[in-house]
Amino acid sequence: MTVQPATFRFDPQKTGLELARDWLAQRLVGGFLDRLRVIPDTCEDGLFTATCTLDPGHANFVGLVHGGVLSALVDISGGGAVMTCLQRGETLLTTDLNIRFLAAVPIDTPTLQATGHVTHRSGRRMVASVLVTTPKGEAVAEGSVGVSVRRPG
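If you're wondering where the values come from, they're calculated on a predicted model, not measured in any experiment.

Q: Any chance you could explain the overall build of the chain here in plain terms?
A: When helices and strands are counted, the chain shows three helices and six strands. Along the chain, helices and strands appear, N-terminal first, in the series α-α-β-β-α-β-β-β-β. Computed over the C-alpha atoms, the radius of gyration of the chain is 15 Å, within 12% of the 15 Å expected from 2.2 N^0.38 for a compact globule of 153 residues. In terms of its C-alpha atoms, the chain occupies a principal-axis envelope of roughly 50 × 35 × 25 Å. Across the chain, every contact between residues at least 6 apart in sequence was considered, and the portion connecting residues at least 24 apart equals 62%. Surface summary for the chain: the accessible area is close to 8,000 Å², and the carbon and sulfur share equals 53%. The distance from the centre of the 14 positive side-chain charges to the centre of the 14 negative ones in the chain is 5 Å.

Below you can see the structure in the form of structure tokens.
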């Protein structure tokens, strides 16, 4: 699988929700997200969902989805949820990531969906909670992402 460089670009004239909607419209944005095979599903103020299509490259040595994949999904969907709350010109930076693995995921699971929602806003700090589920609705991981909002200038 050849992965193209990231094609999605930050536009300081847009709000975070506008940027998230652009990402949703573009779907495949290159870089790490394409390598991971993550595509956004929905976005609204404080909420973001994304789906990861699994393949053998997501496996660990025992035939389960690698924990790093689940961690990345928590970071992507939690950061996406925070992104929807940003004002024009603001950017974000993950400052901490917590994850709890709830169930092993066999590699023949077709997809995982991660849903992030903002649970705390205080100045330049936001926190998003994330739940990762299988197509059958089984929760396989939950986590949170702490984010620092970076203002322009």
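Q: Please explain the pairing of strand β6 (residues 139-150) as it appears in this structure.
A: Both faces of the sheet carry side chains from a regular strand, because those side chains alternate between them. Two elements, strand β3 (residues 91-101) and β6, share 10 bridges in a ladder whose sense is antiparallel. Counted as the bridge partner of F101 is A141 from β6.

Q: How do you make sense of the sheet that holds strand β1 (residues 38-44) when you look at a structure like this?
A: Judged by pairing direction, the sheet is antiparallel, and its six strands sit side by side in the order β1-β2-β4-β5-β6-β3 without closing on themselves. A single partner strand is all that each edge strand has here, and the edge strands are β1 and β3. Strand after strand, the sheet turns through a mean of 20° between neighbouring axes, direction not considered. Note: strand β4 (residues 111-122) against strand β5 (residues 125-133), nine bridges, orientation antiparallel. Directly across from T115, in β5, lies its bridge partner L131. Across the sheet, helix α1 (residues 16-26) touches β1 and β2 (47-53), and the angle it forms with β1 is around 140°. Relative to the sheet, helix α3 (residues 67-83) contacts β1, β2, β3, β4, β5 and β6, its axis offset from that of β3 by approximately 135°.

Thresholds applied
- Residues numbered from 1 in each chain as written.
- Predicted model: local features only at pLDDT ≥ 70, side-chain atom pairs only at ≥ 80, totals over all residues.
- Heavy atoms only, no water.
- Helix = DSSP H or I, 4+ residues; strand = E, 2+ residues; numbered from the N terminus.
- Rg over C-alpha atoms; globule rule 2.2 N^0.38 Å.
- Contact = heavy atoms within 4.5 Å.
- Areas by Shrake-Rupley, 256 points an atom, 1.4 Å probe, with all protein chains shown as cover.
- Lys, Arg positive; Asp, Glu negative; His and termini not counted.
- Charge placed at Lys NZ, Arg CZ, Asp CG, Glu CD.
- Pairing = 2+ DSSP bridges.
- Axes fitted to C-alpha atoms, helices over the stretch in contact; angles between N-to-C directions.

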